[in-house]
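Here are the chains, one letter per residue:
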Amino acid sequence: MARVQLHETRKLVLPLDTAVDAVLELDCEQGGALAFGTILSAQIESEPEPGLKLIVQRRGTETSESRKFELPILAAAFIRYCWKCRIPLPRHGAKRIEIGPEGFIFTIEGTVEVVRRHGALPRREAPRAAVAAVPASEPVSVPVPATEEPPERVANAN
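Rules used in this analysis
- Residues numbered from 1 in each chain as written.
- Predicted model: local features only at pLDDT ≥ 70, side-chain atom pairs only at ≥ 80, totals over all residues.
- Heavy atoms only, no water.
- Salt bridge = Lys/Arg side-chain N within 4 Å of Asp/Glu carboxyl O.
- Helix = DSSP H or I, 4+ residues; strand = E, 2+ residues; numbered from the N terminus.
- Buried < 20%, exposed > 50% of the residue type's maximum accessible area, 1.4 Å probe, protein only.

(A) Fine view of the pattern of salt bridges. The tally for this structure, following the rule as stated, stands at eight salt bridges. One salt bridge in this structure joins Asp27 and Arg67, with 3.5 Å as the shortest N-O distance. Here Asp27 is found in helix 1 (residues 16-29), whereas its partner Arg67 is found in strand 4 (residues 64-70), with 40 residues between them in sequence. Taking relative accessible area as the criterion, Arg67 reaches 27% and is therefore assigned partly exposed. Where Lys68 meets Glu45, a salt bridge forms, and the shortest distance between an N and an O atom there is 3.0 Å. Here Lys68, found in strand 4, pairs with Glu45, found in strand 2 (residues 38-45); they are 23 residues apart in sequence, far enough to count as distant. By relative accessible area, Lys68 is classed as partly exposed at 31%. Glu45 gets classed as buried once you look at its relative accessible area, which sits at 16%. Among the ionic contacts, a cluster of salt bridges with common partners joins Glu25, Glu29, Arg80 and Lys84.

Put into structure tokens, the structure is as follows:
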């Protein structure tokens, strides 16, 4: 049977507040105490090693603790956070995390093959009139029916 490939790129932009929530949630689940303290400082660091730096004052003490969460840990925290918030993520695909102007950018790229429901199509150039009909300054919006994917476990995500 002939198959057609679909390429998907999904980008999630996670601002600083969301990144802090995700790492606090992960730390709490792993028995850490950061979630029970007061956050004194939170910042995105790009040098020397990119990540999220938190300074937290533990409850009942005057001392503060500095913790750095590097990108691989942040990726795991984001996947877990999305699962808990019921944000569907593809299970398979190349995952990448980087720092962007609005926070962290978590990208998942994948390819899916589906059965083709028709024979081979003739190769033709796209009609130019259809492309020129939409002014470049106006965004084009096409409604897409929502699909719900089951939440995945962090341990199974690649």
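Back to the write-up after that little detour.
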